[in-house]
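Each chain is listed here by its residues.
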Amino acid sequence: MKPENDLILRAARGEKTERVPVWLMRQAGRILPEYRAIRNKLSSFNELVETPELAAEVTLQPVDILGVDAAIIFSDILVVPEAMGVGYKMVKGKGPVFHSTVTTQAEADKLRIADPGSELKYVTDAIRIVKKELNGRVPLIGFAGAPWTIFAYMAEGSGSKTFSAARKILYQNPALAQDVLNKVTETTISYLKAQIEAGADLVQVFDSWAGILPEQQYKQFALPAIERICEAIDEVPVTVFAKGAYGAFDALANLPCRTLGVDWNMNIQDCRKAAGNKTLQGNLDPCLLYAPDEDLVAGTQKMVSAFGKDKYIANLGHGVYPDTDPQKVKLFIETIKTL
Ligand code: CP3
């Protein structure tokens, strides 16, 4: 079924839209008290992610409460390493902590290429529920982490400022890194295809840790994996968000994807020039949502004039921060909608 509000899909395909579509990275969870209420009743983050009815409910919250132009399925990029055999738990105040890491060939050999039909069925089940409840109101975004970002967590075993355990492997044992990246890529392709099959109308690949690699290593290890994913997914438009990948932006512009994410440090005009015919998505500084209303409105308007209204999807330059006031988010969305 074609969604009633298909602004995001049309913008992603490069078609004209009556107005600029808007959604926020990390809009599900994090900021809404309605999310906290559900989350606090459960013993763990994983329980929420793995219970399709609840994951569906929190996916729909931002559509109902904030009025965004798309839903994004509530899950996490870390369900992929989990399905491949390296599980994690989400620790309050610390973030993800893995039960094991992947830093040796023996550990890499143990990784499974996951079958999304079984190991990730809870995600596709949640997507089917969301699609039913959305009933065509707005499109649903599926997602996965980019292989480099997933590898970074697998090698590190937790979040990190430097991901130096993962980066060390690129220098000391590039063959091991390549082997793991290949396995993650294969899993990610079948995982995204399963999400699309279940009803995802477009998909986004998050390369959250793109910016910590030197350009040459980004092009050697990270980019080919994303390229394979883009080549494999031709059913729906693909968005690639490689945060901080300044040196590689020209190369990203050559990927067979429709939309490129832009973070708040990237120069909008430079990105436009590089992106050619592609659609751009971004890039409001998430901290501008802490500013007085008039500054937020002015900054939002300035952003849209810099991007232009065509081939554009309004968003933040990264995920919304947990302590953001939902009223500010509503103001941001309203500002975009009334431009
Ligand atoms: O609204 C949405 O975007 C859908 C849900 C979503 C989550 N994680 C839920 C979540 C999405 C798209 C993600 C992606 C994700 N997860 C990324 C890529 C995007 C980015 O922000 O760069 C990354 C790097 C992760 C890994 C991750 N998940 C970390 C480091 C953490 C801890 C810190 C944090 O972000 O809160 C998480 C936890 C997480 N994932 C929460 C939510 C709602 C908070 C945990 C909780 O509510 O208990």
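Residues numbered from 1 in each chain as written. Predicted model: local features only at pLDDT ≥ 70, side-chain atom pairs only at ≥ 80, totals over all residues. Heavy atoms only, no water.

Glancing now at the overall build of the chain. Each helix and strand counted, the chain has 16 helices and nine strands in total. A compact globule built from 339 residues should have a C-alpha radius of gyration of about 20 Å, and the chain, at 19 Å, falls within 12% of that. With the principal axes as the frame, the chain shows a C-alpha extent of 55 × 45 × 40 Å. Here the chain, with 339 residues, has 58% of them falling under the buried criterion. Within the structure as shown, the chain displays about 13,400 Å² of accessible surface, and the carbon and sulfur contribution to it stands at 50%. The distance from the centre of the 38 positive side-chain charges to the centre of the 41 negative ones in the chain is 2 Å. (Helix = DSSP H or I, 4+ residues; strand = E, 2+ residues; numbered from the N terminus. Rg over C-alpha atoms; globule rule 2.2 N^0.38 Å. Buried < 20%, exposed > 50% of the residue type's maximum accessible area, 1.4 Å probe, protein only. Areas by Shrake-Rupley, 256 points an atom, 1.4 Å probe, with all protein chains shown as cover. Lys, Arg positive; Asp, Glu negative; His and termini not counted. Charge placed at Lys NZ, Arg CZ, Asp CG, Glu CD.)

Here the focus is the nonpolar core. With 127 residues, the main nonpolar core has F151, Y218, L252 and F332 as its most contacted residues. Counting residues per element, this core draws most heavily on helix α11 (residues 174-198), at 10 residues. Setting aside chain neighbours within four positions, we find L252 in contact with Y218, L223, V240, A242, A245, L260 and K278. (Core = buried A, V, L, I, M, F, W, Y, C linked by side-chain atoms within 4.5 Å. Contact = heavy atoms within 4.5 Å.)

This part is about the site of the ligand. As a structural note, the neighbourhood of the ligand is formed by 23 residues, with R26, A28, R30, Y35 and S208 the closest of them. A distance of 3.5 Å separates an oxygen atom of the ligand from a polar side-chain atom of R36. Within the contact set of the ligand, an oxygen atom lies 2.6 Å away from a side-chain nitrogen or oxygen of R39. For the ligand, whose free accessible area comes to 860 Å², the fraction covered by protein is 88%. Broken down by secondary-structure element, the contributors of at least two residues to the shell around the ligand are α2 (33-40) and β3 (95-98). Looking at the shell around the ligand, the element that brings in the most residues is α2, giving three residues. Considering only residue class, the shell around the ligand consists of 12 nonpolar, six polar and five charged. (Near = heavy atom within 4 Å. Polar contact = N/O pair within 3.5 Å; in protein donor to acceptor, adjacent residues only side chain to side chain. Nonpolar A, V, L, I, M, F, W, Y, C, P; charged D, E, K, R; others polar.)

Another aspect to go through is the sheet that holds strand β5 (residues 202-207). Taken together, seven strands build an open sheet; the order of strands is β1-β4-β5-β6-β7-β8-β9 and the sheet is parallel. Of all the strands in the sheet, the pair left with one neighbour each is β1 (71-72) and β9 (312-316). Note: β1 against strand β4 (residues 140-145), two bridges, orientation parallel. Paired with I72 across the strands is I141, a residue of β4. (Pairing = 2+ DSSP bridges.)

The subject of this paragraph is the packing of aromatic side chains. According to the stated counting rule, one finds eight aromatic pairs in the structure shown. Ring centres of F45 and F74 lie 5.9 Å apart, and the angle between their planes is 70 degrees; this geometry places the pair in the edge-to-face category. Of this pair, F45 sits in helix α3 (residues 45-49) while F74 sits in the loop between β1 and α5 (79-84), and the two are 29 residues apart along the sequence. Relative accessible area serves as the criterion here: at 6%, F74 is assigned to the buried category. Between the aromatic rings of Y153 and F163, the centroid separation amounts to 5.2 Å while the plane-to-plane angle is 80 degrees, which identifies the pairing as edge-to-face. (Phe/Tyr/Trp six-rings, centres within 6.5 Å; stacked < 30°, edge-to-face > 60°.)

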